[in-house]
Amino acid sequence: MPAEASTSRPASPPLTERQEARRRRILRASAHLASRGGFDAVQMREVAESSQVALGTLYRYFPSKVHLLVATMQDQLEHMHGTLRKKPPAGDTAAERVAETLMRAFRALQREPHLADAMVRALTFADRSVSPEVDQVSRQTTAIILDAMGLADPTPQQLSAVRVIEHTWHSALTTWLSGRASIAQVKIDIETVCRLIDLTEPGASR
């Protein structure tokens, strides 16, 4: 997902425990509705009813359906990250580990194609007002990749490679969802782009 500099809203104060619980209910309702019927099935009034919050309250948390679904993607990626940490990839090289990690994330989304399509469509529709939520998705994806690489302090060259890998993963997911790429092709593309990591290793020939 793109990690572009963006116009952001003023920083919000941290949520209270009750507010965080309410936010989690909203995100669960969004994911549930999207998994049943995709982007069009996520209607703000239904989300409010399912999560037992007032419609006005829902709009204070998420100004639009696009904001909500992009935040839902960040939440889904956060859950995936937790699962991946419990069972880290087993590849011998950083490139192999990142490729395995991204394919595991891809297969998790593949199991919920309506939800995946809704979240990717929301990212596609996102304008500048959704930049903070899009940035969260990008940061979460970057964290997943860096964990697989085993890096806590990446170099600028390594971060550049991570951005290209993110773009490719997002593009592969989009082309698969639209029926323009097979899972086998996605795997080849992911494995190919992950070889960029080898070029950023200290001492790698340029």
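How each quantity is defined
Residues numbered from 1 in each chain as written. Predicted model: local features only at pLDDT ≥ 70, side-chain atom pairs only at ≥ 80, totals over all residues. Heavy atoms only, no water. Helix = DSSP H or I, 4+ residues; strand = E, 2+ residues; numbered from the N terminus. Rg over C-alpha atoms; globule rule 2.2 N^0.38 Å. Axes fitted to C-alpha atoms, helices over the stretch in contact; angles between N-to-C directions. Parallel < 35°, antiparallel > 145°, perpendicular 65-115°, else oblique. Contact = heavy atoms within 4.5 Å. Nonpolar A, V, L, I, M, F, W, Y, C, P; charged D, E, K, R; others polar. Expected span 1.5 Å × (residues − 1). Buried < 20%, exposed > 50% of the residue type's maximum accessible area, 1.4 Å probe, protein only. Arc of directions from axis to C-beta. UniProt positions renumbered as here; feature names shortened; annotations may be inferred. Salt bridge = Lys/Arg side-chain N within 4 Å of Asp/Glu carboxyl O.

Here's the deal with the overall build of the protein chain
The secondary structure content of the protein chain amounts to ten helices and zero strands. Going from N to C terminus, the protein chain has its helices and strands arranged as α-α-α-α-α-α-α-α-α-α. Relative to its length of 206 residues, the protein chain is compact, with a C-alpha radius of gyration of 18 Å against a globular reference of 17 Å. The principal-axis extent of the C-alpha atoms belonging to the protein chain is close to 60 × 40 × 30 Å.

Focus on the packing of helix H1 (residues 17–37) against helix H4 (residues 65–86)
One can describe the packing of H1 onto H4 by two numbers: an axis separation of 10 Å at closest approach and a directional angle of 95°. By the angle between their axes, H1 is roughly perpendicular relative to H4. Seen from H1, the contacting residues are Arg-23, Arg-24, Ile-26, Leu-27, Ser-30, Ala-31 and Ala-34; seen from H4, they are Leu-68, Leu-69, Ala-71, Thr-72, Asp-75, Gln-76 and His-79. Looking at the contact of H1 with H4 residue by residue, the classes come out as seven nonpolar, four polar and three charged.

Describing helix H9 (residues 183–194)
The first and last C-alpha atoms of H9 sit 16 Å apart over twelve residues, in line with the 16 Å expected at 1.5 Å per residue. Along H9, the residues that are buried comprise Val-186, Ile-190, Val-193 and Cys-194. The buried residues of H9 occupy an angular sector of 100° when the element is viewed end-on, so they sit on one face. In the core, the buried residues of H9 are packed alongside helix H5 (94–110), helix H8 (156–177) and helix H10 (196–199).

With respect to the UniProt feature "domain: HTH tetR-type" (unreviewed entry) in the protein chain
UniProt marks residues 20–80 with the feature "domain: HTH tetR-type" (unreviewed entry), using the numbering shown here. Between the first and last C-alpha atoms of residues 20–80 the distance is 19 Å; the span itself is 80% helix and 0% strand.

Quick look at the UniProt feature "DNA-binding region" (unreviewed entry) in the protein chain
Sites flagged by UniProt as "DNA-binding region" (unreviewed entry) map to residues 43–62. Along residues 43–62 one finds 75% helix and 0% strand; the C-alpha atoms at either end are 12 Å apart.

Thoughts on the pattern of salt bridges
Any two side chains of opposite charge can pair, so long as their charged atoms come close to each other. Counted according to the given criterion, the structure contains five salt bridges. When the shortest N-O distance is used, the salt bridge between Glu-20 and Arg-24 registers 3.8 Å. Of this pair, Glu-20 and Arg-24 are both found in helix H1, four residues apart, which corresponds to roughly one turn of the helix. A residue is classified by how much of its surface remains accessible, and Arg-24, at 26% relative accessible area, is partly exposed. Across the pair Arg-24 and Asp-75 runs a salt bridge whose closest N-O atoms are separated by 2.8 Å. Placement of the pair is Arg-24 in helix H1 and Asp-75 in helix H4, with a sequence separation of 51 residues.

Examining unusual backbone geometry
Here Gln-52, not a glycine, exhibits a phi torsion of approximately 60°, which is positive. Turning to its location among the elements, Gln-52 is positioned in the loop between helix H2 (44–51) and helix H3 (55–61). In this structure Gln-52 comes out as exposed when scored by relative accessible area, which is 68%.

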